[in-house]
Amino acid sequence: MNGIHLKHTIYSSFLGLTIFLTSTGTVYALEADDPFYAKQTYLKQIHMNEAWNVTQSNSGMIIAVVDTGVDLAHPDLKPNLLPGVNLIHPKQPPADDNGHGTNVAGVIGAVGNNDRGVAGMLWNARIMPIKALEADGSGGEQKLGEGIRYAVDHGAKIVVLSLGLNKYSAYMNDIVRYAEERDVLLVAATGNEGNRVKYPAAYPTVLAVGGVNANGAVNELSNTGPEVDVVAPWDVFTTATGGSYEAKDGTSMAAPQVAAAAALLWGRNPEMKVYQIRQWIRQTAEDLTGKGWNPRTGYGLLRVDRLLNEPYLADMYEPNNRKDQAKVVSASKKITASFSDGTDNDWFATDASYDGTVNVTLELDSSLSVNVQHTDASGVLTTKTVQGGQTVPFKVSKGRSYFQLQLSDRNRKVETPYGLTTSFDIYRDPYEDNDRQFKAYVLPSRSVKVKGTFHQYNDADWYEFPVTQTGSLRIHVTTDTARIDPVLLVQKQGEKSVTIDEGDDGATESYSLPEVFPGTYYIRVANVKDYTNPVVGEYTLAIEYDAKLIDPNEPNNRSYQATAISMDTPYNGLLDKSDDVDWFQFKVEEESFVRVGLSDIPSGVSMYMHLYDGSMNSMATSMNNSSADSQELSGRFKPGTYYLKLTSNRPFDNRMYQLLVNAKPLTGGYTDIRGHWAQNAILNLTGKQVINGYDNYTFQPDRPITRAEATAVISRAFRLSKQKSVSYSDLPETHWAYDHVARATQAGIIEGYPDRTFAPDQPVTRMEMTAMLARSMNMTGKRRGALPFTDVDEEYWGVGLLKQMKAEGLVGGYADGTFRPEQQATRAEFVQLLMGILK
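All residue numbers refer to position in the chain's written sequence, counted from 1. In keeping with the predicted nature of the model, local features appear solely for residues at pLDDT of at least 70, side-chain atom pairs appear and are counted solely at 80 or more, and the whole-chain, interface and lining totals rest on all residues. Based on all heavy atoms of the structure, the side-chain values leave hydrogens and waters out of the count.

Q: Explanation requested: the sheet that holds strand β10 (residues 230-233) in the structure shown.
A: Hydrogen bonds along the backbone pair up the strands of a sheet, which may run parallel or antiparallel. Strands were regarded as paired on the criterion that DSSP finds at least two bridges between them. The helix count covers DSSP runs of H or I at least four residues long, the strand count covers runs of E at least two residues long, and both are numbered beginning at the N terminus. Strand order in the open sheet formed by seven strands is β5-β6-β4-β7-β8-β9-β10, and the pairing between neighbours is parallel. Both edges of this open sheet fall to β5 (85-86) and β10, since each of them pairs with a single strand only. The pairing of strand β8 (residues 185-189) with strand β9 (residues 207-212) spans three bridges and is parallel. Its bridge partner being in β9, alanine 188 is matched across the sheet by alanine 208.

Set out below in structure tokens:
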């Protein structure tokens, strides 16, 4: 009884099931009388006992198991089996000649409380066995697709897919859509290779299930990635062929647990749609990290008790009206949420593992549209209007980016549910267009590593490697995903090519040429011919070229022999003698932010950079750790000539270092405002020390301005001095903007939220920006006069301030007559408006 001491306990029997009731009648947990029930510890992990208090069966819904078949004579399964079909041997019944399908079926629906074997999560069920895999457990997408379609066409509402492929398929994508359109739930295992989520689990509308150990930690072999929805126990004890029972493990055993839970839920709520069942399962999962969705555990551990007892939420992501409340969601999945009315705005965050594009599809009435503001990980703001049913792409950088959604019709008074589907396309690598041999990208004649992608259909990447002198070549291709099965082709110009494809999905391909002679070598990297679709993942091509190299910059051992270098041009060199020194010189034409980068340093070598001005005064030095292959010197440089001396702790002659100098001219101390429409305002207020930029000499004018930044600017601009303590739960006194916020709060310019937070990193909207600056001028607004902009009405909270500010020529709108009050304000917009007010 888990340590609970019950007084006045009443023992009773109900349908042969032991239950415990306190004197108040509270039911604590139900336990089946099956002999091996004690071995089914995973059932307690998902709180199945408490769930059985609510329901134990669903005999009105068909659950299809597309697998190796099922032991049709197993006494613990037979009462719950339907006829099914054998797609491998069509004239035979779907008998299991492997055992896997029988394992899966037992987790779902081994007859419970029958004093035999084990208890399935559904004691009474209707399981349709569909044999689509061979006796060895292998199979192809064609039979898998046929199996899903058969299940859908023959009345199944849930299809269990404890199988997977690394390959995306347009055919399978259509099958998945076919099921979704007919309101059928597909539940699939993520896979057991410790790699990326397999298909079909990776399709947006398939419920993808990973596996956790008994301690709640994700099993190291459970595939992870942006497609994971929930996790369930990895280890089970279940039915086996020949009427027996056995322990099994893997995501193949986790997926049927989620399918069975869905069946219990759907049986009690038959009016619910498939997308609602998915959301309900996500909503009630036990968050294992305390941070919401993540690519390892998804939304968390399946909790069947919560699923059957907690009400469905139309929007499980609320509250998410502010950036600091943004809910993290997958960049490759379909979810559902709702707008409470036209003023509601929803914030979501996505994490991109690579640069690329997130495609956003909004499913709602086609007469409605949504304003989507995307803030990239780099800080760039993009705003687009998305119609219902439309898909719109947003460029993203690697890292976390944010999406703010709000109905375009701000006056809408009714709740508006919507579906949000995201998909991710990886970036086009910098070596494109190189899909043909005659377009091969020319690599430098030295050992080199390049990262590439297969970003388009039938992508293949050609490289040209010039061998300048006799040596040896070793070529390796590695990948970070099993969705790539690399194929390597090597050919010397004029000679026969060699193709290397020895490893399986995700395996390294290698080729060695012990002796190479001067000439041109072509290298092609492609995915295996069956994997023709774009892939989210990268490959690394590593070429090791050992040759007696010659330093092209010699002689440059003295400062007066320094090699003159041009900006943004790579220079390669050697330090092949113990006393070798390489000198370079470069000129800076105007005050600039300069980066001096040294890369491709051989392993185990420490190089030293010594920087001097034109009078040979030492300015700076740098040294890399012997385990690092690069280093950098950077800073603000005045116009003039500069010298760089390179030395090393030991000589090397088998690999060339690369030196690259980059200079970005500064305007008012910034590299990114020259020619910007707000340049004058930025320079003016920087000179008055009202605003400042970032440590990397950027101002980032088009980045959204945060509440903390805006408050600090106002505090400096209006020289707020009085200060009293403020108490916001998310703004400690150590926060860089605390003093500014305290002064602005006392002055009545800004205030926190009802939950006693300040949200310092929350972006400021254009209306909030206007209100803050208006309050700074003690403006209260006016009610009379014509509406200043077409997208605000008399009911809008800031209309009075907009009327006054517009009348005094302080604010303006867009060419179409709108003001777009809920759009995020940029740093440039804030500075420009402040400049106008200060004048």
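Q: Would you mind going over the sheet that holds strand β22 (residues 441-442) with me for this structure?
A: One open sheet accounts for five strands, arranged β22-β24-β29-β26-β27; its pairing is mixed. The sheet is open, and its two edges are formed by β22 and β27 (498-500), each paired on a single side. Strand direction decides the pairing type here: strand β26 (residues 486-492) and β27, joined by three bridges, are antiparallel. From the neighbouring strand, valine 490 faces β27, where its bridge partner is valine 498.

Q: It is not clear to me how the side chain of serine 472 should be interpreted in this structure. Could you clarify?
A: Here serine 472 is to be found in strand β25 (residues 471-479). Burial status follows relative accessibility: with a 1.4 Å probe on protein chains alone, a residue under 20% of its type maximum counts as buried, one over 50% as exposed, and anything between as partly exposed. Overall, the relative accessible area of 14% leaves serine 472 in the buried class. Here, two residues are considered to be in contact whenever any of their heavy atoms come within 4.5 Å of each other. Residue contacts for serine 472: discarding those within four places in its chain leaves Leu513, Pro514, Val516, Glu544, Tyr545 and Asp546.

Q: Whenever I open this one, the side chain of glutamate 432 confuses me. Can you help?
A: Structurally, the position occupied by glutamate 432 is in the loop between β21 (416-426) and β22. Under the convention used here, Asp and Glu are negative, Lys and Arg are positive, and both His and the chain ends fall outside the count. Salt bridges are defined as contacts in which a side-chain nitrogen from Lys or Arg sits within 4 Å of a carboxyl oxygen from Asp or Glu. Notably, glutamate 432 is buried but unbridged: the nearest opposite-charge side chain belongs to arginine 428, and the N-O separation is 5.1 Å. At 3.3 Å, the side chain of glutamate 432 and the backbone nitrogen of asparagine 434 are in polar contact. Setting aside residues up to four positions removed in sequence, glutamate 432 forms contacts with His455, Gln456, Asp459 and Asp461. Pairs of N or O atoms within 3.5 Å make up the polar contacts considered here, provided that, within protein, one atom can donate a hydrogen while the other can accept it, and that residues adjacent in sequence are counted only when both atoms are side-chain atoms.

Q: What exactly am I supposed to notice about the packing of aromatic side chains here?
A: Remark: the centre distance and the inter-plane angle together describe each pair of aromatic rings, the angle taken between the planes. Only the six-membered ring of Trp is used, alongside the rings of Phe and Tyr, when aromatic pairs are assigned; centres must lie within 6.5 Å, and planes under 30 degrees apart are stacked while those over 60 apart are edge-to-face, with the rest tilted. Taken as a whole, this structure holds 25 aromatic pairs when the rule is applied. With 5.4 Å between their ring centres and 65 degrees between their planes, phenylalanine 36 and tyrosine 245 make a pair best called edge-to-face. On the criterion of sequence distance, the pair formed by phenylalanine 36 in the loop between β3 (27-31) and α1 (42-45) and tyrosine 245 in strand β12 (residues 244-249) is long-range, its members being 209 residues apart. Accessibility expressed as a relative area gives 30% for phenylalanine 36, which makes it partly exposed. When the ring of tyrosine 796 is compared with that of tryptophan 797, the centres are 5.8 Å apart and the planes differ by 50 degrees; the resulting orientation is tilted. Judged by relative accessible area, tyrosine 796 falls into the buried class, the value being 4%. Cation over ring: arginine 707 sits above phenylalanine 758, and NZ or CZ is 4.4 Å from the ring centre. The positively charged end of arginine 766 is found above the aromatic ring belonging to phenylalanine 819, 4.4 Å away from the centroid. Two thresholds decide whether a charge sits over a ring: the Lys NZ or Arg CZ must be within 6 Å of the ring centre and within 35 degrees of the ring normal.

Q: Honestly, the pattern of salt bridges in this entry has me stumped. Any pointers?
A: Between side chains of opposite charge, a pair can form when the charged atoms approach closely. Scanning the entire structure with this criterion turns up 35 salt bridges. For glutamate 180, the salt bridge is made with lysine 334, and the minimal N-O distance between the two is 3.7 Å. Separated by 154 residues along the polypeptide, glutamate 180 in helix α5 (residues 170-181) and lysine 334 in strand β14 (residues 334-339) bring together distant segments of the chain. Taking relative accessible area as the criterion, lysine 334 reaches 10% and is therefore assigned buried. Residue glutamate 286 is joined to arginine 303 by a salt bridge in which the shortest nitrogen-to-oxygen separation is 3.1 Å. Remark: arginine 303 occurs in the loop between α7 (274-284) and α8 (304-309) and glutamate 286 occurs in the loop between α7 and α8; sequence separation between them is 17 residues. Several salt bridges share partner residues, and in doing so they unite Asp174, Arg177, Glu181 and Arg182 into one network.

Q: Looking at this structure, I do not really get the pairing of strand β29 (residues 519-527). What am I missing?
A: With seven of nine residues buried, β29 is to be regarded as a mostly interior element. Summarising the sheet, strand β24 (residues 460-467) and β29 pair through eight bridges and their orientation is antiparallel. Each residue of the ladder has a partner; that of valine 467, found in β29, is glycine 519.

Q: What should I look at first to understand the environment of proline 90 in this one?
A: Turning to its location among the elements, proline 90 is positioned in the loop between β5 and α3 (100-109). Put simply, proline 90 and lysine 131 are 41 residues apart on the chain and 9.4 Å apart in space, counted from C-alpha to C-alpha.

Q: What exactly am I supposed to notice about unusual backbone geometry here?
A: A negative phi angle characterises most non-glycine residues, just as the trans form characterises most peptide bonds. Residues glutamate 318 and proline 319 are joined by a peptide bond in cis, for which omega reads -5 degrees. Inspection of the secondary structure puts proline 319 in the loop between α8 and β13 (327-328). Of note, the amide linkage connecting glutamate 554 to proline 555 takes the cis form, showing an omega dihedral of 0 degrees. If you trace the backbone, proline 555 turns up in the loop between β30 (539-547) and β31 (563-564). The backbone phi angle of asparagine 113 is positive, close to 60 degrees, even though this residue is not glycine. Looking at the element boundaries, asparagine 113 is found in the loop between α3 and β6 (124-131). Here asparagine 113 falls in the buried class, since its relative accessible area comes to 13%. We note that alanine 759 has phi near 55 degrees; this positive angle belongs to a residue other than glycine. Within the secondary structure, alanine 759 sits in the loop between α11 (738-746) and α12 (766-776). We classify alanine 759 as buried; its relative accessible area is 1%.

Purely spatial values, then, with no claim about function.
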